[in-house]
Each structure stands twice: as structure tokens, then as C-alpha cells.
Amino acid sequence: MAIIRVALDVPIDSLFDYIAPDATPPDVGSFVRVPFGKKFMIGIIMTISDDAHVPHDKLKQAEDILRNIPPIPPTLIELFEFCSRYYHYPIGMVIMNGVPTRLRSIKPLPQRSITPFLFRLTETGHAIALSSIPGRNKTKHHLLAHLKEVGNITSKEAKQLSPRAPKLLQEFLVQGWIEKILMEPEFTLNAPPILQLTTEQITAINAIQAEIGLFNTWLLHGITGSGKTEVYLQVTSMLLKQKRQILILVPEINLTPQLEAIFRSRFPATRLISLHSKLNPTERINGWLQAQRGEASIVLGTRLTIFTPLPRLGLIIVDEEHDHSFKQQDGLRYSARDVAIFRAKQANIPILLGSATPSLESYYNAITGRYRWIHLRTRAVKNATLPVIRYVNTRSVQLKEGLSEPLLVALEKTLTQKQQSMVFINRRGYAPVLLCKSCTWLATCSRCSSRLVVHLTQKNLRCHYCGHTEQLPQACPQCGDQDLMPFGHGTQRIEAALAKFFPHARILRVDRDNTRRKEAWQFILSAIHEQQVDILVGTQLLAKGHDFPNLSLVGVLNADTSLYSIDFRAEERLFAQLIQVAGRAGRAETAGEVLIQTEFPDHPLYNALKHHNYDAYAQILLKEREITHFPPYTYQALLNAEAPQIATALNFLTMAIALIEPTEQIEIFDPVPAQMARLKGLERAHLLVQSCSRKKLQLFLSDWYIKLSKIPHRKVRWTLDVDPLEF
Ligand code: ADP
Ligand code: ZN
Ligand code: ZN
């Protein structure tokens, strides 16, 4: 019997040898059930060989190979191996992070899918004339007539039509008149007319088309509203004609319905699946299998989707490529954008990174010629212009409940003109601080170094880092005084203030608190599109990528907080965020206006923003990064350590430094407490290493990682974060 080497979901960076369960030669990539310790686990066969790394008498036999699950294809295995090497994370855990949970459990796969299906008329079905069906076949006639009229039917509807209809559906399926697809989401768009492309869009599309069969990283750098989506659609259409699959990554689950609807309405005959964290395990596995079998041609989803098997992959699109949500912040700390670039290279296909505010890393690669750079500099809609940006200096004006007079006036005017406004404040909850007026006590989280946020609607205090909640205290726990005061503003408080100032306005708040449910976004988006809302109040959730044609005023509150942050990426992020927020205004014919309340209207960031000049500000930031030796001029890795006591964590990091032999071109910083020095009851510290050579850094990390794994560290949890975004 052959020896199989298996990757398992355990924090040990090696494969495990077993004797194959039977004489049938297994495939690499197959799922296998093996005994591990006292239990059984599901693993993946990585190699098959004749000899083991373990003495034969110690070898155990694998239980069985799950032959009803298709093996992971070799190219995907390669992608997992790349991630394991690059992020220095055990291969078994990399794979198990990437495959649907349902495949990881030892429960057998469902025989029959419980996800509702839709039967959709195919082109063959369309071509069948109703008159060709003999009159005595009443049900068949009925069913086809229904399909021709509506385009599709569910099995439930079919049953209602006639008890015989479900059986006929099977017949139609066999004949190829209909196809079986997963139920589509409720949010749909009427097919928009195909637009006449702008000159810039044509140039972009032609450039990509000329090299469509080759690996290239294209930075589609287009100002907000420049019509990047249309470029995606056109390039997608080229590849669909070549029968290739298209993978589209979006940073936020909330962006999927809109993009999904746009792609569905443009390619109604193409099977599209959308994969994200709100799917149930069965939906997810169904999507995965459809992609793997090549049945779904367009696969759209959040970061995890990058690990979907796609045998005919021809194009990857990463929308809003600058967004930090592409980076996973725990477990396998991968950047889906970066992994996507690797995958495109591996498959020798183009990848499109789209953004109005590219990350400085991508921008740098574009200006130095590593990426192909396409610039869209004008808005696509005729006569739509970028909004006018004005600043309200909050040092010289009085605020009424966080709102300045000029903003209130502008809101009033927009209301009268029956257009929509948006007030952006990047803090959810009612107030970020609860303060005792007599002794200056502040409500803080007992498990984190953070303040508790006041949530008045639910009458509680919440930690936004660990999720801890507690009752709103009646009196100060320190001095007993009852004069506790919510300090500062969050979305709920602004919502309440706006309701007071504009009692007749229809106000809708959008933040993580009221968008948790799957249906919430569909409701919000249609309410906005159907003009059932006058004023939107929201966090950055609202700022990203959405297209709201009737929005003409954007107010921004409390943006300054990240201006003088110690995080070297804070300004880049704020700039991107403000360009994005401002970009929501005036996207159609209505001219837009943006009012920003700030204490520092003369800051270079606000100056560049006023002129919508991403490039100018990017140049300033790049200069700073070059001088200070920060990315993109260097490559970084962060060794994080967590322990009940900060001393233990720091001690571990000191031991980690002691393992390092002086290495050329590797810079080691001192261990320091993390920005969030305490999180979920653990104290945190980290150690930064960097190099101007990615290769050198990788070589160093590989060696260091092995040594780190050998440090006895009972009380410390450590992780390595390659290309970290958070410190
Ligand atoms: P972004 O570049 O910000 O992603 P979108 O792709 O959302 O921009 O496009 C912004 C708006 O411009 C959309 O309403 C879209 O329908 C419209 N649009 C795109 N291309 C054209 C075009 N060629 N002519 C007219 N309108 C267009
Ligand atoms: Zn007090
Ligand atoms: Zn907390």
C-alpha cells in the first residue's frame, strides 16, 4: 500500500504520513479521513510515495478517502503552498482556511442540496415553439408558457402549477431546455442600457484587450464615478466569449449585491455565483463545487473567494484594491489582493486592480512601471463633475450637537431641492465616551485598552474591540455622582440631532449596528435608490464604492482624528476615505458639494483633497515614506506576542531577537507594546523587522520562523504578520 503525506489543520508546519486506506491509487489533493491522537481528522493528500519519514511500525493507516468530494486541483494546491511559504503559516491550516467548512467536517456531504434552486429557461428552451407542444399535454404547455413569460421557476412554484410539473422539469433539464441554478438574491436592477463608452474607457479596454491572454497587473486608476465598472464589464465580456471564468473580489460583503446585480443584468445567460461570509455552509459548498466543475463562469465575493478552484480562470478583478478588508487580520494573515496577483501570474492571466485611491504600494508599482497604469480622469456621466469641497473651520464656529451652521444650511437647501444628503461620521454608537463630570472617571473596557462606547438605543456600553457589553450605569462607579455625560458624537447621536433639526426629513442611519442582517443592505440600497431617504447618516460602510445617483451633499464630521496618528498609514487611509466619501456626491447630473468640518483646514491633505488631486498627495506621502524607510520602499513583517502579562510578551520578543544573527539588509526594531496594548484580556507587544529587499526578508523569515517555533513559550501566543497593515 502506498504512503500518503497529509496536510492537517494543526499548528505544526509539517505533513503527516499514513498508509493509504485501500489499494486504489489516491489522487493528490483528495480529502482523507485519518486518525490523529484520539480522534479523526480530515486532511488533504499532498504527496504519495513509497517510503515514509516515520518507521513503518509506527505508521497508522488512513481511515478512508472521501472520493465523493472532488480533489483540490494542483494549481490551487500550489496557491496554498505559496501562501504557506510567504506568510509562514502551516500548510494544513492554510488549506483549511481556504476550503469551505463543510468540507472540513467529518460529517458526510449532503446527498441532496437543501439550497433552493431555480430552473431557468436556456436558449434552447427559448427556441422551442409553444405550438410544437401537443394540446393534450396541458401541463407541459403551461409550464413552458410560464418559463417563456417569467424566464424561470422554482420547484415550489412548479408544484403549485401542477403536481406533475416537477417531473416535467426533470424532463426539460435532460432536454437542455432549462438549467438549474442557485436562487438569486432579491436585489435586482433593470437591465441598464448599454452606454456609449467614454474615450478614456475605450482606451482602457483596448489596452487590456491587446494583452488579454497574458499576465499583467493593470492598475485601473479611475476617479470616483469614472465608470470603472463598465471597463470590468467589457473585459469580462471578452473573456466570457473565450469560455473563461472570471473572478471578482470586493472588499465588503455589502458591495456584493450591487455589483452582482450589475453583472447579472449584463450577462443574464451566464451563471454567476457570489461567495461571502453570510452564506450558510451548504450554500458555500454548492458555490465552490459549481466553480470547481466550471459551471459558474463568474464568481464574485469577498477575500476568501480568492481560494476558489477555477479550472478555466481567465481574469481576476480586484475592486477597491486599496481597501484594508482584503487583509485578514487573524489566523492566516493574507492579503487577498496580493494572493490574487500571485494567482494571476501562476495562471498567466491579467489582473485588474481598480481604485480611485490606489494603495501607495500599488501606485508606486504603477509609476515605476511594474504594473500597467490606466488612468481615468473624468467622470463618465455626461456633465457630471467632481463635487466642490469646502471646509468649515470648527475652531472658529460654534457647533450645535456636532453640526456647524454652514452644514445645517446646506442640508436644509438640499432637502428643499428634494435631493439626498449624507452625513459621514466614522464612529458608530451614540457617543464614544462616557464621562463623570465630577471626578472625570471614564468608562473603559476591563479586557481591552479601549473606552466603552455609549449605545443609547440599546441602553448599554460596548467595547468595539472585544464585543463586551454592559448596562449603562446609573451613577459613577468611582464617586457615586449621577451626572454622567456622553461625550463626543457617534452615528446614533447625529441621527438624533438631525431628527431634531429636520423633523420632516426621512433619515436613515447606516453602520455596522443596523446592517448585520443579510437582508438589511438590500433594504437600504433600494430605499436610497427609490428616493425614500432624504438624509443618510453613516460610517465608512456608506463611503465605499456605492453609486447613489441622487446624492448631492456630503457632510463630514470628526475626520481629524487620524491626522496626527502614530500609524504611518493613517493619513493615506484618511485621504482615501475622504476621496471615496466625497466621490459619492454628484455622480449623476446633479452637481455635488462636500462640506468637511475640521480644525486644520490648511493641512496639506485637505488642500490636495480640495483639488481632487490624488497624485499630488500620493507624491507627498511617497516622499515621506522614502525618507522614513517605510513601505513601499521597504518590506515589513511584524512578530506579535500576546500574554497575560506584558512582561512575558516583551520577554518572548527579546528572546526572539537573541535568535537573530546579524543579517545584511535586515533591520530589527525594538520590541514595543502594541497600539492596542491590551485586547480581550491579553497584553500585546510586537517587534518589527524590515528590509528593502522582499527576497532577503523572506529568506530571513523562513530561518527565523523555524527558530521561533522552538522557543518554549507556554504563556505566549505569537504570530507572524507579513506585510502588516495594523500595528
Ligand atoms: P466608479 O469608477 O466610481 O466605479 P461607476 O462604474 O460606478 O464608477 O460609474 C459611475 C456612473 O457612471 C454609473 O452610474 C454608470 O452607470 C455611469 N457610466 C459609466 N460609464 C458610462 C458612460 N460611458 N456613459 C455614461 N455613463 C456612464
Ligand atoms: Zn465620578
Ligand atoms: Zn474590550
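Please read all numbers here as calculations on a predicted model, not as lab measurements.

About the cut-offs
Residues numbered from 1 in each chain as written. Chains lettered and ligands numbered in written order. Predicted model: local features only at pLDDT ≥ 70, side-chain atom pairs only at ≥ 80, totals over all residues. Heavy atoms only, no water. Helix = DSSP H or I, 4+ residues; strand = E, 2+ residues; numbered from the N terminus. Rg over C-alpha atoms; globule rule 2.2 N^0.38 Å. Buried < 20%, exposed > 50% of the residue type's maximum accessible area, 1.4 Å probe, protein only. Areas by Shrake-Rupley, 256 points an atom, 1.4 Å probe, with all protein chains shown as cover. Salt bridge = Lys/Arg side-chain N within 4 Å of Asp/Glu carboxyl O. Donors = N, O, S within 2.8 Å, 3.2 Å for Na, K, Ca; no water. Tetrahedral: all angles 85-135°; square planar, octahedral: opposite > 155°, others 65-115°. Polar contact = N/O pair within 3.5 Å; in protein donor to acceptor, adjacent residues only side chain to side chain. Arc of directions from axis to C-beta. Pairing = 2+ DSSP bridges. Axes fitted to C-alpha atoms, helices over the stretch in contact; angles between N-to-C directions. Core = buried A, V, L, I, M, F, W, Y, C linked by side-chain atoms within 4.5 Å. Contact = heavy atoms within 4.5 Å. Phe/Tyr/Trp six-rings, centres within 6.5 Å; stacked < 30°, edge-to-face > 60°. Lys NZ or Arg CZ within 6 Å of the ring centre and 35° of its normal. Expected span 1.5 Å × (residues − 1).

Notes on the overall build of the protein
A count of helices and strands for the protein gives 21 helices and 34 strands. Whereas a compact globule of 727 residues would reach a radius of gyration of roughly 27 Å, the protein reaches 28 Å, a difference of no more than 12%. Expressed as lengths along the three principal axes of its C-alpha atoms, the size of the protein is roughly 80 × 75 × 55 Å. Split into buried and exposed, the 727 residues of the protein put 54% on the buried side. Surface summary for the protein: the accessible area is close to 33200 Å², and the carbon and sulfur share equals 53%.

Overview of the pattern of salt bridges
For the structure shown, the criterion picks out 35 salt bridges. We note a salt bridge from R462 to D513, for which the minimum N-O separation is 3.3 Å. Taken together, the positions of R462 in strand β23 (residues 460-462) and D513 in the loop between β26 (507-510) and α16 (520-529) put the pair 51 residues apart, joining distant regions of the chain. A salt bridge links D511 to R509; the shortest N-O distance between them is 3.0 Å. You can call D511 buried: its relative accessible area is 0%. Three or more residues are tied together by salt bridges with common partners; here these are R120, E179, R271, R293 and E295.

Some details on the coordination of the zinc ion (ligand 2)
Those protein atoms acting as donors to the zinc ion (ligand 2) are C436 (SG), C439 (SG), C476 (SG) and C479 (SG), and they sit at 2.3 to 2.4 Å. For the zinc ion (ligand 2), the four donor atoms in the first shell make angles of 106 to 114° at the metal, a pattern classed as tetrahedral. Taken in chain order, the donor set of the zinc ion (ligand 2) reads C-x2-C-x36-C-x2-C. Using a relative accessible area of 1% as the deciding quantity, one classes C436 as buried.

Points about the side chain of T305
Within the element layout of this structure, T305 appears in the loop between β13 (298-301) and β14 (313-319). Relative accessible area serves as the criterion here: at 1%, T305 is assigned to the buried category. A distance of 3.4 Å separates the side chain of T305 from the backbone oxygen of L275, its partner in a polar contact.

Focus on helix α7 (residues 165-175)
Three or more residues of α7 are buried, namely A165, L168, L169 and F172. For α7, the arc enclosing every buried residue in end-on projection is 110°, short of the 170-degree limit, so these residues lie on one face. Structural note: α7 exposes K167 and V174 on the side pointing more than 90 degrees away from its buried face.

Section: the coordination of the zinc ion (ligand 3)
Donor atoms from the polypeptide that bind the zinc ion (ligand 3) are C445 (SG), C448 (SG), C463 (SG) and C466 (SG), placed at 2.2 to 2.4 Å. Note that the zinc ion (ligand 3) binds four donor atoms; their angles at the metal cover 105 to 114°, and the shape is tetrahedral. Going along the chain, you hit the donors of the zinc ion (ligand 3) in the pattern C-x2-C-x14-C-x2-C. Summarising the burial analysis for this pair, C463 and C466 share the class buried.

Things to note about the sheet that holds strand β29 (residues 593-598)
Across the sheet, six strands lie side by side as β17-β29-β28-β20-β27-β26; this open sheet has parallel pairing. Two strands in the sheet have a free side with no partner beyond their single neighbour: β17 (388-393) and β26. Strand-to-strand twist across the sheet, computed as the mean angle between neighbouring axes with direction ignored, equals 20°. Note: strand β20 (residues 420-425) against strand β27 (residues 535-538), four bridges, orientation parallel. Counted as the bridge partner of F424 is G538 from β27.

Observations regarding the nonpolar core
The biggest cluster of nonpolar side chains holds 79 residues, and the ones touching the most others in it are L639 and W704. Broken down by element, this core gets its largest block of residues, eight residues, from helix α1 (residues 74-87). With residues near it in sequence (within four places) discarded, L639 still touches F652, L653, A656, A685, H686, L687, W704, L708, W718, T719 and L720. Among the nonpolar cores identified, the runner-up in size contains 42 residues, and Y363, V581, L605 and L621 belong to it.

Details of the pairing of strand β4 (residues 39-49)
Within a regular beta strand, the side chains point alternately toward one face of the sheet and then the other, so they alternate between its two faces. Taken together, the five bridges between strand β1 (residues 3-7) and β4 define a ladder with antiparallel strand orientation. Along β4, the bridge assignment pairs I3 with S49. The hairpin turn running from strand β3 (residues 31-36) into β4, its antiparallel successor, is two residues long, and G37 in that turn takes a positive phi close to 60°.

Here we look at the sheet that holds β14
Ordered in space as β12-β13-β11-β14-β15-β10-β16, the seven strands form an open sheet in which the pairing is parallel. Either end of the sheet is taken by a strand with one partner, and the two such strands are β12 (272-275) and β16 (372-376). Across the sheet, the mean angle separating the axes of adjacent strands is 15° when strand polarity is ignored. One ladder, built from six bridges, connects strand β10 (residues 216-222) with strand β15 (residues 350-355); its direction is parallel.

Some thoughts on the packing of aromatic side chains
Here a ring pair, both rings aromatic, is described through the centre-centre distance and the interplanar angle of the planes. All chains considered together, the criterion is met by 20 aromatic pairs. Here K500 stacks its cationic end above the ring of F501, 5.5 Å away from the centre of that ring.

A closer look at α1
Owing to its 3.6 residues per turn, the α-helix brings residues three or four apart onto one side. Taking 1.5 Å per residue as the helical rise, α1 with its 14 residues ought to reach 20 Å, and the 20 Å between its terminal C-alpha atoms agrees with that figure. When α1 is considered as a whole, its buried residues turn out to be L76, I77, L79, F80, F82, C83, S84, Y86 and Y87. Buried positions along α1 lie against β4, α2 (91-98), α11 (281-292), α12 (336-347), α21 (694-709) and β34 (717-722). Where α1 ends, the next residue or the one after it, H88, has phi of about 55°, a positive value.

Comments concerning the side chain of H88
Its location among the elements puts H88 in the loop between α1 and α2. Using a relative accessible area of 6% as the deciding quantity, one classes H88 as buried. Looking at H88, its side chain comes within polar contact range of the main-chain oxygen of R85, at 3.4 Å. The contacts of H88, once residues within four sequence positions are left out, are C83, Q698, L701, S702, Y705, L720 and V722.

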